[in-house]
Amino acid sequence: MNGWDVLSNIINGFPPVAITLLLVAVIVAAIIFIVGFTKHGVDFIKHGFRENLLSELMAKLATKEDMSSLKGDMSSLKIELDTIKDNHFGHLKNYLGVLNGVLLDKKIIDNETKARMDNELRGM
């Protein structure tokens with residue numbers, strides 16, 4: 001008994017519909033491989049169709065229209081980051097102001113030190 005006999009026995013154990021679907025899937029995969037290999041060569045084996053997609057995206061980014069829209073997106077992103085930073089800093093300043101009051105109430109710091117810390121917070 002050789003390998004072909006074993007393969008024949010395995011194939012005969014499956015229903016004909018399953019073998020047909022498997023055969024169709026193998027044929028489709030072979031067609032995709034042939035088309036990809038003829039267009040991209042050995043790079044298709046390494047990267048598949050992604051190599052072509054990356055080059056198309058880079059070409060689109062290099063055009064003037066896309067660069068101007070990218071600059072607009074970057075400026076709006078910078079504005080959003082500045083807003084987040086300001087809001088975060090505002091919450092931190094409020095927390096430190098409350099902390100200064102608690103430290104004064106517990107008599108850990110005196111009025112002069114609290115005034116100096118409040119002036120520093122206002123300067124930020």
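In what follows, the structure referred to is the one given above.
All values derive from a computational prediction rather than experimental measurement.

Parameters at a glance
- Residues numbered from 1 in each chain as written.
- Predicted model: local features only at pLDDT ≥ 70, side-chain atom pairs only at ≥ 80, totals over all residues.
- Heavy atoms only, no water.
- Helix = DSSP H or I, 4+ residues; strand = E, 2+ residues; numbered from the N terminus.
- Buried < 20%, exposed > 50% of the residue type's maximum accessible area, 1.4 Å probe, protein only.
- Contact = heavy atoms within 4.5 Å.
- Areas by Shrake-Rupley, 256 points an atom, 1.4 Å probe, with all protein chains shown as cover.
- Patch = residues over 30% accessible without salt bridge, like charges linked within 9 Å, V, L, I, M, F, W, Y side chains within 5 Å.
- Salt bridge = Lys/Arg side-chain N within 4 Å of Asp/Glu carboxyl O.
- Expected span 1.5 Å × (residues − 1).
- Arc of directions from axis to C-beta.

K.L.:
How should I be thinking about the overall build of the chain in this particular structure?
P.N.:
Along the chain, the regular secondary structure elements total six helices and zero strands. Element order for the chain, N to C, with α for helix and β for strand: α-α-α-α-α-α. For the chain, with 124 residues in total, the buried portion stands at 9%. Restricting to contacts in the chain with at least 6 residues of sequence separation, those with at least 24 account for 19%. As presented, the chain carries roughly 10,600 Å² of accessible surface, and 67% of it is formed by carbon and sulfur atoms.

K.L.:
Help me out: how do you make sense of a nonpolar patch on the surface in this one?
P.N.:
Taken together, the side chains of Met1, Val6, Ile10 and Phe14 define a hydrophobic patch exposed on the protein surface, amounting to about 450 Å² of accessible area. Inspection of the secondary structure puts valine 6 in helix H1 (residues 3-13).

K.L.:
How should helix H6 (residues 111-123) be read in this particular structure?
P.N.:
The α-helix winds at 3.6 residues per turn, so residues separated by three or four positions along the chain end up facing the same way. Relative to the 18 Å expected for 13 residues at 1.5 Å per residue, H6 spans 18 Å between its end C-alpha atoms, a close match to the ideal helical length. Here H6 has its buried residues at Thr113, Lys114, Asp118 and Leu121. For H6, the buried positions fall inside an angular range of 135° around the axis, keeping them on one side. Those residues of H6 that are exposed and aimed more than 90 degrees away from the buried face are Glu112, Arg116, Glu120, Arg122 and Gly123.

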